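Structural description and commentary
Given next are the chains, with one letter for each unit.
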Amino acid sequence: MNAAIATAVHPVDATTLMELLPARPRLLAMGEPTHGEDELLDLRNRLFRQFVERAGYRTIAIESDCLRGMLVDDHVTTGAGTLDEAMARGFSHEWGAFAGNRELVRWMRAYNDGRPAPERVRFAGFDGPLEITHAASPRQALAALHGYLATRVDADLLPCTAETLDRLVGDDDRWTDPEAMMEPGRSVGQTPEAVRLRLLADDLAALLDAESPHLSAVSSPDEWDRARLYARTARGLLRYHFWMADPSPARMARLLAIRDSMMAANLLALAERGPTLVHAHNAHLQRDRSTMRLWQGPVRWWGAGAIVAARLGAGYAFVATALGTIRHRGVPTPEPDTLEGLLYALPDDRSLLDARRLAAAVEVVRPAARVSPWFGYAPLDPAQVARADGILYVKDAVAREA
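About the criteria used
Residues numbered from 1 in each chain as written. Predicted model: local features only at pLDDT ≥ 70, side-chain atom pairs only at ≥ 80, totals over all residues. Heavy atoms only, no water. Core = buried A, V, L, I, M, F, W, Y, C linked by side-chain atoms within 4.5 Å. Buried < 20%, exposed > 50% of the residue type's maximum accessible area, 1.4 Å probe, protein only. Helix = DSSP H or I, 4+ residues; strand = E, 2+ residues; numbered from the N terminus. Contact = heavy atoms within 4.5 Å. Axes fitted to C-alpha atoms, helices over the stretch in contact; angles between N-to-C directions. Parallel < 35°, antiparallel > 145°, perpendicular 65-115°, else oblique. Left-handed = near helix turned anticlockwise from the far one by under 90°. Nonpolar A, V, L, I, M, F, W, Y, C, P; charged D, E, K, R; others polar. Salt bridge = Lys/Arg side-chain N within 4 Å of Asp/Glu carboxyl O. Expected span 1.5 Å × (residues − 1). Arc of directions from axis to C-beta. Phe/Tyr/Trp six-rings, centres within 6.5 Å; stacked < 30°, edge-to-face > 60°.

In the annotation of an unreviewed UniProt entry, the entry for the protein chain reads Erythromycin esterase family protein, and the organism field reads Plantactinospora siamensis.

As structure tokens, this is what we get:
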């Protein structure tokens, strides 16, 4: 084992992690290099419990649909619905099928049972209503925003009726056509109806802001937070659909940037509420510019973490996770001259590393960048270690029987 790297190693627990940070961040982002692995979800769950019990964190936000996430939050805070319903309807990207996410929701509900509201833990999705293959219809966000305003402001101030919104949205299937992701001409995002919806969404959001002194006074904190969420989501979704219809070479870079901008806005809103643990892919949470290779070549954009870090400064912290093997996905023992290979020599299955000390060791050793044989796993770039606040290393992700 490299002696310099050994000096960076610490036990994996919340107390030690917090000691590596200059101050308690309002957003503590914990990245992962792939999705759905039981080892990583178990580690996230264990650390979140410790952050709740030892450091006063009360919210966990994951890379899932922000609107669906309200169903999970209602379940864990009030017991609304069942666990099965929360898992089936409260997650996007099929995250509800993962055992680690189910255990997280089960624990949160059990923790909250009998506790007063200020002491309860909260759940949030911070992604937009976006899937890999399509984006959602804007109907839910627009209708909810309009409905909120219609019951609290003078009718003459509303820019349109609910019936007008419903007519302009039309058939939801037009918006969710999976062919539109690869064929811009299939998107409805630049039709006259969609363009008018963008203007109306902007007017509704402006009205929400203009009436905020009154609205925040006559609404509960949750009602006010959700109204703002509906406004952000409606505008972001319509912007995303507009650029889905764009045939230019910048199309995918712009769509990725819009998605992460929506994520960042949701995270900044959660930061206002209180200390939050954030869990998502490293690429969304890192301070460096994110990159992805698509059919058109490499694409670069600023992720949510970079945007939030620019706004919050020390109020944002990022802990990246690196991984040794995922043998059931064809990812073998890392080459010894890579960063993951150097970390694989550590004696423990899980390690927490001081990013500053590790970066100094990396500067001397200069490990090679690892290349993954499986597209679903992104190795940690050695050049980005210095821009993290800590590194979690998991030696082996082992498949478990369902």
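Comments concerning the nonpolar core
In this structure, Leu28, Phe48, Phe51, Met108 and Phe123 are the most contacted members of the largest nonpolar core, which totals 42 residues. Put simply, the parts of the chain that give this core at least two residues each are α2 (14-19), β2 (27-32), α3 (38-55), β3 (59-65), α4 (69-78), α6 (99-112), β8 (316-325) and β10 (390-396). Setting aside anything within four residues of it in sequence, one finds methionine 108 in contact with Phe48, Ile60, Val76, Val121, Arg122 and Phe123.

A word on the packing of helix α13 (residues 251-273) against helix α15 (residues 304-312)
Packed helix pairs are characterised by how far apart their axes lie and by the angle those axes make with each other. Following both chains from N to C, one finds α13 and α15 inclined at 40 degrees, their axes separated by 8 Å at the closest point. Regarding the angle of α13 to α15, the classification is oblique. For the element pair α13 and α15, the recorded crossing hand is right-handed. In this structure, α13 contributes Asp260, Ser261, Met263, Ala264, Leu267, Leu268 and Ala271 to the contact, and α15 contributes Ala304, Ile307, Val308, Arg311 and Leu312. Class assignment for the residues of the contact of α13 with α15 results in nine nonpolar, one polar and two charged.

Points about the pattern of salt bridges
In the structure shown here, the tally under the stated rule is 28 salt bridges. Taking the shortest distance from any N to any O, the salt bridge between arginine 350 and glutamate 39 comes out at 3.2 Å. In this pair, arginine 350 sits in strand β9 (residues 350-353) while glutamate 39 sits in helix α3, placing the two residues 311 residues apart along the sequence. Residue arginine 350 is classed as partly exposed on the basis of its relative accessible area of 24%. Taking the relative accessible area as the measure of exposure, glutamate 39 reaches 15% and is therefore buried. Taken together, the shared-partner salt bridges in this structure form one network comprising Asp73, Asp74, Arg122, Asp222 and Arg226.

Details of helix α7 (residues 139-150)
The end-to-end C-alpha distance of α7 is 16 Å, a good match for the 16 Å that twelve residues give at a rise of 1.5 Å each. Regarding α7, the residues found buried are Ala141, Leu142, Leu145, His146, Tyr148 and Leu149. With its buried residues spanning 160 degrees around the axis, α7 presents them on a single face. Contacts from the buried residues of α7 go to α8 (162-169), α10 (192-210), α11 (212-218) and α12 (221-244).

Some remarks on the packing of aromatic side chains
For the coordinates displayed, the defined rule picks out seven aromatic pairs. Ring centres of phenylalanine 91 and phenylalanine 123 lie 5.5 Å apart, and the angle between their planes is 65 degrees; on these two criteria the pair is classed as edge-to-face. Here phenylalanine 123 lies in strand β4 (residues 122-127) and phenylalanine 91 lies in the loop between α5 (83-89) and α6, a separation of 32 residues in the sequence. Classification of phenylalanine 91 by relative accessible area gives buried; the value is 3%. Of the residues examined, phenylalanine 123 reaches a relative accessible area of 3% and is grouped as buried.

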